[in-house]
Amino acid sequence: MALWQIFGETKHNLEVPGKNIPNKVFAYNGSEGEEPQRQTAIWPRPLAQKWTVMLFLGTCLLYCARMAMPICAVNMATTFGWSKTQSGVVMGGFFWGYCFTQVLGGHVSDRIGGERVLLLATTSWASITSCTPLLAQLGISSLTSMTVARFLMGLLQGVHYPSLASLCSQRVDEGERGFLMSTMGSGSYMGTLMVGGLGSVMLERYGWESVFYGAGLLSGLWSLTVWRFLLRGQMNTNQVLSSHGSSSGLSKKRWLKMFKQPSVCAMVFAHLCFSSTCYSLMSWLPTFFKDTYPHAKGWVCNVIPWLVAIASALFGGIISDHLIQQGFRTSSVRKMMQFMSMGVSSVFLLLLCRPLSFPSAVIFVSAAVGLATFNSSGVSVNVQDLAPSCAGALFGFMNMCGAFTGLVLVYVSGYLIEVTASWGYVFSLFTMVNTMGLGVFLMFGEANRVDLWNLSEVTRV
């Protein structure tokens, strides 16, 4: 495939036999052969700006609460007498819960609106976070209570990103989706930095309980703010679904029909590959710096890459939306962003395979992590291009599979490190996985809608 075919400049509308339908949100309740009436449910710009800020803060607090346990694990293990294996059981409980609610959370968001699901889920996991120190003091084993708490935390946080995908497809115009999803991605890095910096100070001065209390109370305040200023007065808004609406959008026949589309399979495969390498890179980078540069300052390698990632994610979202608004094909922009995310970033991973000075290693890692954030404007948004009527459920399926494959690659990476005592093999493995996912997406990825069995979209009246 020629480069001009991959990164073409001609934007096209969605082709349907006998019709030329823009790739936008619309509702169609008429009979076959009638022109669908376009009824958008797009946020007006002032409201979209408010939601963007609140969703950024919500994602930031999500990661603060998620990372509270890893930050406090050593102190809690000392307090309760946990072994390394027991500490791993407690922290691993989150990921098992996280996998189970991805599809369900996305499906419910597609039907009743992602705003409501996010509000309910955030209120629930904020309560669990705040109550974690109290749960540890119950009469039952602290190991059991903390493992159950982490499992429930994973269940409730598992709906977050599928709900965002559904919300973005329902409420945000095509030319602005890249920036919103990139902003959410930068929120995750900001949350990791916050809990790593401020959380460590609170842990040292006030004890591990303060980290959970702080993250839980701030998250509860976020829920109260969203309810009071953004959703109150809208909860009685009716949601109109036609008889052919998304209530049947998860039928086996339609799922099979959708997964027969090469563009859907390419998107899912690319997401699995990216998620696997991303999880593994985040899991092993601290160990890489500690083993390779034992005398270097730890805060440098734990802070600088994520600061770069925040700026890079926002920049990628702005660039992708600008290109689409200027008339570039949506599929070409998605491929371009994914090429930067999985292709160019892998070049910097390969540079880590040879001996480097500490500053050079930090620069290359920062470049790789920063470019990887362009995925938020690539595959992560492509699901809303292909199937806006069930974007939440489809993204949940992708994320669930990505979490499982990520756990596998983390284990395989650890095995390679132990057997070969060489980080070069690990970074080469990451590059190989990225290359496979990118190649499939560049060949078969598209942005044309594939859910055209149902021309009915959620419409607010």
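Not measured: the values here are computed from a predicted model. (Residues numbered from 1 in each chain as written. Predicted model: local features only at pLDDT ≥ 70, side-chain atom pairs only at ≥ 80, totals over all residues. Heavy atoms only, no water.)

### A word on the pattern of salt bridges
Inference 1: Tallying each qualifying case throughout the model produces four salt bridges.
Inference 2: Here D385 ties to R177 by a salt bridge, and the two come within 3.9 Å at their closest N and O atoms. Remark: R177 occurs in helix α9 (residues 177-206) and D385 occurs in helix α16 (residues 379-386); sequence separation between them is 208 residues. In this pair, the class of D385 matches that of R177, namely buried.
Inference 3: Look at the salt bridges and you will find they share partners, linking R177, R334 and D385 into a network. (Salt bridge = Lys/Arg side-chain N within 4 Å of Asp/Glu carboxyl O. Helix = DSSP H or I, 4+ residues; strand = E, 2+ residues; numbered from the N terminus. Buried < 20%, exposed > 50% of the residue type's maximum accessible area, 1.4 Å probe, protein only.)

### So, helix α15 (residues 358-372)
Along an α-helix, residues three or four apart share an orientation, since each turn contains 3.6 residues.
Inference 1: Its 15 residues place the ends of α15 21 Å apart at the C-alpha level, agreeing with the 21 Å of an ideal helix rising 1.5 Å per residue.
Inference 2: For α15, the buried fraction is high: twelve of the 15 residues fall into the buried class.
Inference 3: Every buried residue belonging to α15 is among F358, A361, V362, F364, V365, S366, A367, A368, V369, G370, L371 and A372, and all of these are buried. (Expected span 1.5 Å × (residues − 1).)

### Some words on empty space enclosed by the protein
Inference 1: Going through the model one piece at a time under the given rule, you end up with three cavities of 30 Å³ or more.
Inference 2: Counted as a void, the largest cavity has a volume near 170 Å³.
Inference 3: Lining the largest cavity are 15 residues, with C278, L281, A368, V369 and A372 positioned closest to its centre.
Inference 4: Contributions of two or more residues to the lining of the largest cavity are made by α12 (262-292), α14 (330-351) and α15.
Inference 5: Broken down by element, the lining of the largest cavity gets its largest block of residues, six residues, from α12.
Inference 6: Here the residues of the lining of the largest cavity sort into eleven nonpolar, four polar and no charged.
Inference 7: Its volume calculated, the second largest cavity comes out at about 50 Å³. (1 Å grid on protein atoms, 1.4 Å probe; cavity = no way out; pocket = protein on both sides within 12 Å on 5 of 7 lines; lining within 4 Å. Points joined across faces, edges and corners; volume = space filled by probe spheres on them. Nonpolar A, V, L, I, M, F, W, Y, C, P; charged D, E, K, R; others polar.)

### Focus: the nonpolar core
Inference 1: In this structure, L55, M76, V226, M258, M267 and L394 are the most contacted members of the largest nonpolar core, which totals 65 residues.
Inference 2: For this core, the element with the most residues is helix α2 (residues 45-66), which contributes nine residues.
Inference 3: Counting residues in hydrophobic clusters, the runner-up holds 36 residues, among them Y293, V362, A368 and F427. (Core = buried A, V, L, I, M, F, W, Y, C linked by side-chain atoms within 4.5 Å.)

### Some thoughts on a nonpolar patch on the surface
Inference 1: A contiguous nonpolar patch, built from F95, W96, F100, V148, F151, L152, F404 and L407 and spanning about 720 Å² of accessible area, is present on the exposed surface.
Inference 2: Going through the elements one at a time, α4 (84-100), α7 (142-157) and α17 (391-420) are the ones with two or more residues in the nonpolar patch.
Inference 3: Considering the arrangement of structural elements, one finds L152 in helix α7. (Patch = residues over 30% accessible without salt bridge, like charges linked within 9 Å, V, L, I, M, F, W, Y side chains within 5 Å. Areas by Shrake-Rupley, 256 points an atom, 1.4 Å probe, with all protein chains shown as cover.)

### As for the confidence of the model for the protein chain
Inference 1: Considering every residue of the protein chain, the mean pLDDT works out to 82; 85% of them sit at 70 or more.
Inference 2: Per-element averaging of pLDDT across the protein chain places strand β4 (residues 459-460) at the bottom with 36 and α14 at the top with 95.
Inference 3: Counted against residues more than four places away or in other chains, residues 235-249, with its pLDDT under 50, gives 38 contacts.
Inference 4: A low-confidence stretch, residues 454-461 stays under pLDDT 50, and its non-local contacts, those more than four residues away or across chains, total 45 contacts. (pLDDT = per-residue confidence, 0-100. Contact = heavy atoms within 4.5 Å.)

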